[in-house]
Amino acid sequence: MKIFKFGGASIKDALGVKNIAHILHQEGASNCLLVISAMGKMTNAFENIVNSYVNNDQEKLTESIDFTINYHTKIISDLFQDEHEIHQNITILFGEMIHFLAKNIAKEYDYLYDQIVCYGELLSTTIVSEYLTDIGVTNTWKDVRKLVITDAVYRDATLNWLETEQLIKTQIDSSKLTIVQGFIGGHSNGNTTTLGREGSDYTAGIFAYCLDAKNVTIWKDVLGVLNADPREFKETQLLNHISYEETIEMAFYGASVIHPKTIKPIQNKQIPLYVRSFNDLNSPGTKVSSGITIDPIVPCFIVKKNQVLISISTRDFSFMVEDNISDIFKLLHTYQLRVNLIQNSAISFSVCVDNRFNHFDQFYDEIKLVFKASFIKGVDLYTVRHFTNNSLNKIHNLGRSILSQINKNTAQIIIQKK
């Protein structure tokens, strides 16, 4: 069985949906499972709905809902006849979402986020499934929330592997074409959960592991895994092969091409992963498997923007011992601050974190009650794997270097832009 994952860029419009059919025609539609993300930038659009709702901004809420409705309506109008049942199906899905907003009394942002943002994937998979059926490609649409079972940690749920594997193995027919949503899952209480931003790759890895897939292909708008983000660096180079271990390292440091949790399940069963271009089916792309660490061996640049650098020390300038650091990490975990760099000395402890859940201010209010603490917001963290002197100079020239950390294969530099 083959697992194909299609991200938002691959289905941002009607041509993108038609291109999925073209890929299936060339690659084969049987023995295949499609994991599909929300269309285009729709996850951002649904986030706007959540934010408007939480802020009780009725005008902005109506505007945000109308935007998502009009976006999907345009795509289905380009794909289907006016009388096609897809129009009613999409109306029903939006009706469910609006009804939830009307009756909801919960206040927790992360819970609300997962119950609303999931409609991006539900809509996209419904449209793709209906289109393929319309052109004669038989497929089965599945609600992944009844297959990928998680805990109730909203926006960053942990998988129940035992229950998930049992459900997938019993409910997915590996000989046919099946379509599921990426990124989202479900809890036993019936609520929707999500696996973390960009978690559709992880969904593909989950299904590959549970179904003993032959391979996984992630279809992107680039030729494969590049040594740098082309939006950040003018000159980039295609990596032909990367080992599982190297990919995990790159994902750990924040490489956006492959979700950090994706690799481990497929590595456990030695399932190769390909990153290929949906615009150039003749390009082999990048293969991720065991073997050569990286080919070619070139510096690889990873950028994490808008980070927070925190410097912490004891109030009496005593040593930062294990108990101090343990207390700090407990708070970082409590406030869901992802740690991307650590540097410590005898009397101080510095950590660079990702404030993606906007909990930093709460963390800071609590940490400063016990420790002396200061911070710098809006810094950028650059990680360079297989660095050279020239590659490091390139980073230092981007702004003021306020912290550097270098080991055998990896350099990390925090830059405050000029």
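Each remark here, short or long, concerns the structure printed above.
About the cut-offs
Residues numbered from 1 in each chain as written. Predicted model: local features only at pLDDT ≥ 70, side-chain atom pairs only at ≥ 80, totals over all residues. Heavy atoms only, no water. Helix = DSSP H or I, 4+ residues; strand = E, 2+ residues; numbered from the N terminus. Expected span 1.5 Å × (residues − 1). Buried < 20%, exposed > 50% of the residue type's maximum accessible area, 1.4 Å probe, protein only. Arc of directions from axis to C-beta. Contact = heavy atoms within 4.5 Å. Pairing = 2+ DSSP bridges. Axes fitted to C-alpha atoms, helices over the stretch in contact; angles between N-to-C directions. Phe/Tyr/Trp six-rings, centres within 6.5 Å; stacked < 30°, edge-to-face > 60°. Lys NZ or Arg CZ within 6 Å of the ring centre and 35° of its normal. Patch = residues over 30% accessible without salt bridge, like charges linked within 9 Å, V, L, I, M, F, W, Y side chains within 5 Å. Areas by Shrake-Rupley, 256 points an atom, 1.4 Å probe, with all protein chains shown as cover. Salt bridge = Lys/Arg side-chain N within 4 Å of Asp/Glu carboxyl O. Lys, Arg positive; Asp, Glu negative; His and termini not counted. Charge placed at Lys NZ, Arg CZ, Asp CG, Glu CD. Polar contact = N/O pair within 3.5 Å; in protein donor to acceptor, adjacent residues only side chain to side chain. Parallel < 35°, antiparallel > 145°, perpendicular 65-115°, else oblique. Nonpolar A, V, L, I, M, F, W, Y, C, P; charged D, E, K, R; others polar.

A.B. asks: How should helix 3 (residues 58-79) be read in this particular structure?
C.D. replies: Because each turn of an α-helix spans 3.6 residues, side chains separated by three or four positions in sequence point in the same direction. In a regular helix each residue adds 1.5 Å, so 22 residues correspond to 32 Å; helix 3 covers 32 Å between its end C-alpha atoms and thus fits that length. Within helix 3, the full set of buried residues consists of L61, S64, I65, T68, H72, I75, I76 and L79. For helix 3, the arc enclosing every buried residue in end-on projection is 100 degrees, short of the 170-degree limit, so these residues lie on one face. In helix 3, the exposed residues that point more than 90 degrees away from the buried face are E59, N70 and K74. Buried positions along helix 3 lie against helix 1 (14-27), helix 2 (42-54), helix 4 (86-103) and helix 6 (119-134).

A.B. asks: Quick question: what am I supposed to make of the side chain of S391 here?
C.D. replies: Examined against the element boundaries, S391 turns out to sit in helix 13 (residues 389-396). Beyond its immediate chain neighbours, meaning those up to four positions away, S391 contacts P299, F301 and V384.

A.B. asks: How should I be thinking about the sheet that holds strand 8 (residues 241-243) in this particular structure?
C.D. replies: The pairing of strands in a sheet comes from backbone hydrogen bonds and takes either a parallel or an antiparallel form. A sheet is described by the order of its strands in space; here nine strands give the open sequence 3-4-2-1-7-9-10-8-11, paired in mixed fashion. On the outer flanks of this sheet lie strand 3 (140-141) and strand 11 (294-295), each paired with one strand and no other. Here strand 7 (residues 215-220) runs beside strand 9 (residues 273-277); their pairing, made up of five bridges, is parallel. For V216, the partnering residue across the bridge sits in strand 9 and is L273. Packed on one face of the sheet, helix 9 (residues 244-252) meets strand 8 and strand 10 (286-289) and runs near 85 degrees to strand 8.

A.B. asks: Even after reading the chapter, I still don't get the packing of aromatic side chains, so can you show me in this structure?
C.D. replies: Within a pair of aromatic rings, the relevant descriptors are the distance that separates the centres and the angle that separates the planes. Under the counting rule described, the total for this entry stands at 16 aromatic pairs. Judged by centre distance (6.4 Å) and plane angle (80 degrees), the ring pair of F80 and Y131 falls under edge-to-face. In this pair, F80 is assigned in the loop between helix 3 and helix 4 and Y131 in helix 6, connecting sequence segments 51 residues apart. Comparing F80 with Y131, the two get one shared label, buried. Between Y109 and Y113, the ring centres sit 6.3 Å apart and the planes meet at 40 degrees, which makes this aromatic pair tilted. Residue Y109 and its partner Y113 are located together in helix 5 (residues 109-117), separated by four residues, close to a single helical turn. In this structure Y109 comes out as partly exposed when scored by relative accessible area, which is 27%. Through a chain of ring-to-ring contacts, the aromatic side chains of Y335, F360, F363, Y364 and F375 assemble into a single cluster. R155 extends its terminal NZ or CZ atom over the ring of Y113, reaching a point 4.2 Å from the ring centre. Between the NZ or CZ atom of K269 and the centre of the ring of Y209, over which it lies, the distance is 4.1 Å.

A.B. asks: Explanation requested: a negative patch on the surface in the structure shown.
C.D. replies: A contiguous patch of negative charge, built from D57, E59, E63 and D66, is present on the exposed surface. Position of E63 among the secondary structure elements: in helix 3. A relative accessible area of 48% means that E63 is categorised as partly exposed.

A.B. asks: Sorry, what's going on with the side chain of D143 here?
C.D. replies: Mapped onto the fold, D143 is located in the loop between strand 3 and helix 7 (161-171). Of the polar contacts made by the side chain of D143, one reaches the side chain of R145; its length is 2.9 Å. Sequence-distant contacts of D143, defined by excluding residues within four places in its chain, comprise L122 and Q181.

A.B. asks: Honestly, the packing of helix 3 against helix 6 in this entry has me stumped. Any pointers?
C.D. replies: Remark: helix 3 packs on helix 6, axes separated minimally by 11 Å, with the N-to-C direction vectors making an angle of 5 degrees. The angle between helix 3 and helix 6 falls in the class roughly parallel. Note on element contacts: helix 6 touches helix 3 through L123, I127 and Y131, opposite H72, I75, I76 and L79. Looking at the contact of helix 3 with helix 6 residue by residue, the class counts come to six nonpolar, one polar and no charged.

A.B. asks: How should the pairing of strand 14 (residues 348-354) be read in this particular structure?
C.D. replies: Consecutive side chains along a regular strand alternate between the two faces of the sheet. Among the seven residues in strand 14, six count as buried, and that is most of the element. Judged from the six bridges that link them, strand 12 (residues 300-313) and strand 14 form a sheet pairing that is antiparallel. Bridge assignment links I312 to a residue of strand 14, and that residue is F349. Looking at chain direction, strand 13 (residues 338-344) and strand 14 are connected through six bridges and run antiparallel. Residue pairing across strands places R338 opposite D354, the latter belonging to strand 14. Two successive antiparallel strands, strand 13 and strand 14, enclose a turn made up of three residues.

Any link to function would need more than the numbers given here.
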